[in-house]
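If you want the building blocks of each chain, they are given just below.
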Amino acid sequence: GGFRYYSVAASVPHKGPADYRLTVDGLVDRPRAYTLADLRALPRTRLTRDVQCVTGWRVPETPFEGVRLSTLLDAAGVRPTARAIRFTCFDGTYTESLTLDQARRPDVLVALRMQGKDIGHDHGGPVRLYVAPMYFYKSAKWLSGITVSDHVRPGYWERLGYDVDAWVGRSNGRTDDPTS
Ligand SMILES: Nc1nc2c(c(=O)[nH]1)N[C@H]1C(S)=C(S)[C@@H](COP(=O)(O)O)O[C@H]1N2
Ligand SMILES: [Mo]
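Residues numbered from 1 in each chain as written. Chains lettered and ligands numbered in written order. Predicted model: local features only at pLDDT ≥ 70, side-chain atom pairs only at ≥ 80, totals over all residues. Heavy atoms only, no water.

Trainee: Explain the pairing of strand β5 (residues 84–89) to me, please; I cannot follow it from the model alone.
Mentor: Sheet faces and side chains relate simply in a regular strand, where the side chains alternate between the two faces. With five of six residues buried, β5 is to be regarded as a mostly interior element. Both β5 and strand β6 (residues 95–99) contribute to a ladder of five bridges, which runs antiparallel. Directly across from I85, in β6, lies its bridge partner L98. Counted along the chain from β5 to the antiparallel partner β6, the turn is five residues long, and its residue G92 has a positive phi close to 80 degrees. Sheet analysis places β5 next to strand β10 (residues 143–149), joined by six bridges and oriented antiparallel. By the bridge assignment for β10, C89 is matched with L143. (Buried < 20%, exposed > 50% of the residue type's maximum accessible area, 1.4 Å probe, protein only. Helix = DSSP H or I, 4+ residues; strand = E, 2+ residues; numbered from the N terminus. Pairing = 2+ DSSP bridges.)

Written as structure tokens, this is what we have:
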């Protein structure tokens, strides 16, 4: 459907309702591990935007559905010294980052559905991050950890040169023209 399958890990375990967990920890008052059922019980947000990979491919008007990251952060009680979020994945390798202000945007989701279906394994299911206003490398697949911290630690591709602030059209040397 226009997507390319990307994984920096050679193989990724499959996880589902029985063994999936998403931990929220770090500079929070109430650390927690969510099951898939816990996440599915929370209020949902639906967003339809173009998906844009920094290498040029793009999938127009892709619906995503999930829980706002800000909902999980509010539930955890973010401490005043917090400035950033680090995301980890159960592929054991990929990481991502956001500033706390970016993470609180209403268009940043802990996504459970994509293209009208539960997110399949290849697209990072059962749960991936979805950072709608940024290039798709920010949208970490197989999300397993959200750690609140006092500084941004650049993620996997960011240590290899991609911009940490990955706004579509305004980063990585790109213009607003999706074909350029
Ligand atoms: N865990 C993990 N998440 C990841 C990646 C990855 O290699 N591993 N690749 C990123 C990049 S560069 C892109 S373009 C998208 C690709 O998502 P897709 O495989 O669903 O098309 O996932 C992002 N999230
Ligand atoms: Mo990408």
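Trainee: Looking at this structure, I do not really get the site of ligand 1. What am I missing?
Mentor: Near ligand 1, the surroundings consist of 21 residues, among which R4, D91, H123, R128 and K141 are the closest. Contacts to ligand 1 include R128, whose side-chain N or O atom sits 2.9 Å from an oxygen atom. Burial of ligand 1 by the protein chains amounts to 98% of its free accessible area of 540 Å². Its residues assigned to classes, the shell around ligand 1 shows 13 nonpolar, three polar and five charged. (Near = heavy atom within 4 Å. Polar contact = N/O pair within 3.5 Å; in protein donor to acceptor, adjacent residues only side chain to side chain. Areas by Shrake-Rupley, 256 points an atom, 1.4 Å probe, with all protein chains shown as cover. Nonpolar A, V, L, I, M, F, W, Y, C, P; charged D, E, K, R; others polar.)

Trainee: Is there a simple way to explain the environment of R128 in this structure?
Mentor: Tracing the backbone shows R128 in strand β9 (residues 128–131). In sequence terms R128 and L112 are 16 residues apart; their C-alpha atoms lie 7.0 Å from each other. Among the polar contacts made by the side chain of R128, one reaches the main-chain carbonyl oxygen of H123 at a distance of 2.9 Å. Within the local environment of R128, its side chain forms a polar contact with the backbone oxygen of S139, the two atoms lying 3.1 Å apart.

Trainee: Even after reading the chapter, I still don't get the sheet that holds β6, so can you show me in this structure?
Mentor: Sheet strands associate in pairs through backbone hydrogen bonding, adopting either a parallel or an antiparallel arrangement. Spatially, β2-β1-β10-β5-β6 is the arrangement adopted by the five strands of the open sheet, whose pairing is mixed. Each edge of the open sheet carries a strand with a single partner, namely β2 (32–34) and β6. With direction set aside, neighbouring strand axes in the sheet form an average angle of 20 degrees. Sheet topology places strand β1 (residues 22–26) next to β10; four bridges connect them, and they run parallel. Paired with G26 across the strands is V148, a residue of β10. In this fold helix α2 (residues 69–76) packs onto β1, β2, β5, β6 and β10, with an angle of close to 55 degrees to the strand it touches most, β10. (Axes fitted to C-alpha atoms, helices over the stretch in contact; angles between N-to-C directions. Contact = heavy atoms within 4.5 Å.)

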